[in-house]
Amino acid sequence: MKIAIDGPAGAGKSTLARWLAEKLNYIYIDTGAMYRALTWEALRKEIDIHNAAILAELARTTDIHFTIDSRSQRVICNGIDVTEQIRSPEVNSAVSQVAAHAEVRQLMVSKQQQMAQAVAVVMDGRDIGECVLPDANYKFYITASIEERTRRRAAELKSSGYEVNEQNISQEIQNRDYNDTHRTTGALKVLEDSIIVDTSNLTIEEALNTLLEIIGR
Ligand code: DC
C-alpha cells in the first residue's frame, strides 16, 4: 500500500502525512526533509546552489537518512542530526533552488523509491504521485489559501523561536510555489488521478478524517 501526498508549502501536508502514517501503522517518509538536508549541507559548505554539477556531486556523496527516537523522526545528514536546522529561514529560501536541479532530483527520486520498496508508506512532497510513486494507491493533493499557509508557517517558525514577519513569509512561500511549479522536472501539479483536499477551513483532525474517510471508501 502506497499513499502519495503532494501539495504546496505550508498546506499541512507533513503533519497530515505523519498522522496518517501513525494511524495506519505505515512508514512515513518526508521527502522535503531530504531536499532540505542537502540544502543545509550546501549552505554549510558554502557551495553555489546554482551550480548543477557541484550540487549533483554533493547529492551523490551526502548520506541522508531518517532515524526514530522515542518522540519523533530525526533527519541525519552525514552523521549530524539536522532535524531542527533544516527548518531555518535560510534553508527555506534556498531549498527550492537546490531542488530544481534535474540530476539532484533523479538521485533523490531513486533513493526515495528504494526507501518505499516492500513497505507500506505515506510519502509527502511535490512529485510523489507523478515521479516517485506513480502506482500509488491514493494520490492526495493537499492545498490551502496563501493567507492560511502564511499563518501556519509563521506559527511554526515562532514556536521554534524565530522572529517572524508575515509579509516576508508570504513572499517566500509564493517564490517557492513559483519555483516548485515551474521547474522542468518533477514540478508540482495536480494530476488526473489526484484527490484534491483544501485544508484552509479544516483543522488537522478534520483533514485527517477526510483522508481516512476516502481511504475507507
Ligand atoms: O515540503 P517542504 O516544504 O519541506 O519541501 C521543501 C522544498 O523541497 C520545497 O520547496 C520543494 C522541495 N521538494 C521537492 O522539490 N520535491 C519533493 N518531493 C519534496 C520537496
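Further up the page is the structure itself.
Cut-off values and rules
Residues numbered from 1 in each chain as written. Predicted model: local features only at pLDDT ≥ 70, side-chain atom pairs only at ≥ 80, totals over all residues. Heavy atoms only, no water. Pairing = 2+ DSSP bridges. Helix = DSSP H or I, 4+ residues; strand = E, 2+ residues; numbered from the N terminus. Expected span 1.5 Å × (residues − 1). Buried < 20%, exposed > 50% of the residue type's maximum accessible area, 1.4 Å probe, protein only. Arc of directions from axis to C-beta. Contact = heavy atoms within 4.5 Å. Near = heavy atom within 4 Å. Polar contact = N/O pair within 3.5 Å; in protein donor to acceptor, adjacent residues only side chain to side chain. Areas by Shrake-Rupley, 256 points an atom, 1.4 Å probe, with all protein chains shown as cover. Nonpolar A, V, L, I, M, F, W, Y, C, P; charged D, E, K, R; others polar. Axes fitted to C-alpha atoms, helices over the stretch in contact; angles between N-to-C directions.

Participant: How would you sum up the sheet that holds strand β3 (residues 64-68)? Please name residues and give values.
Facilitator: On the basis of which strands lie adjacent, the open sheet formed by 3 strands has the order β3-β4-β5 and antiparallel pairing. Bordering the open sheet on either side are β3 and β5 (80-81), each of which pairs with just one other strand. Examined bridge by bridge, strand β4 (residues 73-77) and β5 share 2 bridges and lie antiparallel to one another. In the strand pairing of β5, I76 is matched with D81.

Participant: Which residues make up helix α1 (residues 13-24), and what are the values?
Facilitator: Spacing of three or four residues puts side chains on the same side of an α-helix, whose turn is 3.6 residues. The end-to-end C-alpha separation of α1 is 16 Å, in line with the 16 Å expected for 12 residues at 1.5 Å each. Among all positions of α1, only K13, L16, A17, L20 and A21 are buried. Burial along α1 is one-sided: seen end-on, the buried residues are contained in an arc of 130°. Of the exposed residues in α1, the ones pointing more than 90 degrees away from its buried face are E22 and K23. Taken together, the buried residues of α1 touch β1 (2-6), β2 (27-30), β6 (121-125), β7 (138-143) and α9 (204-216). Within two residues after α1, N25 carries a phi angle of roughly 65°, on the positive side.

Participant: I'd like a rundown of the site of the ligand, residues and numbers included.
Facilitator: Within the structure, the ligand sits among 18 residues, and R36, R105, D127, R176 and R183 are positioned closest to it. R183 is positioned such that a nitrogen or oxygen atom in its side chain is 2.8 Å from an oxygen atom of the ligand. Taking 450 Å² as the accessible area of the ligand by itself, protein coverage stands at 98%. For the shell around the ligand, the secondary-structure elements that each account for two or more residues are α2 (31-44), α4 (89-98) and α8 (166-182). No other element matches the 4 residues that α2 contributes to the shell around the ligand. Grouping the constituent residues of the shell around the ligand by class yields 4 nonpolar, 4 polar and 10 charged.

Participant: Explain the environment of T150 to me, using residue names and the numbers behind them.
Facilitator: Note on placement: T150 falls in helix α7 (residues 146-159). A sequence separation of 27 residues divides T150 from M123, and the C-alpha atoms of the two residues are 23 Å apart. With residues up to four places along the chain from it excluded, the contact list for T150 reads E166, I169, S170 and I173. Reaching out from T150, the side chain makes a polar contact with the backbone oxygen of I146 at a distance of 2.7 Å.

Participant: Before we move on, could you go through the pairing of β7 and cite the residues and values that matter?
Facilitator: Burial runs high along β7: 6 of the 6 residues are buried. Every second residue of β7 is oriented toward a common face, with Y138, F140 and I142 on one face and K139, Y141 and T143 on the other, all of them buried. Relative to β7, β1 runs parallel, the two being bridged by 4 bridges. Looking at β7, one finds that I3 is bridged to Y138. Judged from the 4 bridges that link them, β7 and strand β8 (residues 195-198) form a sheet pairing that is parallel. Paired with Y141 across the bridge in β8 is I196.

Participant: Go over the sheet that holds β2, please, and point to the residues and values.
Facilitator: Spatially, β2-β6-β1-β7-β8 is the arrangement adopted by the 5 strands of the open sheet, whose pairing is parallel. With one partner strand each, in any of the chains shown, β2 and β8 form the two edges of the open sheet. On average, each strand axis in the sheet is inclined to that of its neighbour by 20°, with strand direction left out of account. Contacts from α1 reach β1, β2, β6 and β7 within the one sheet, and its direction differs from that of β6 by about 180°. Sheet strands in contact with α9 are β1, β7 and β8, and its direction is about 160° off that of β7.

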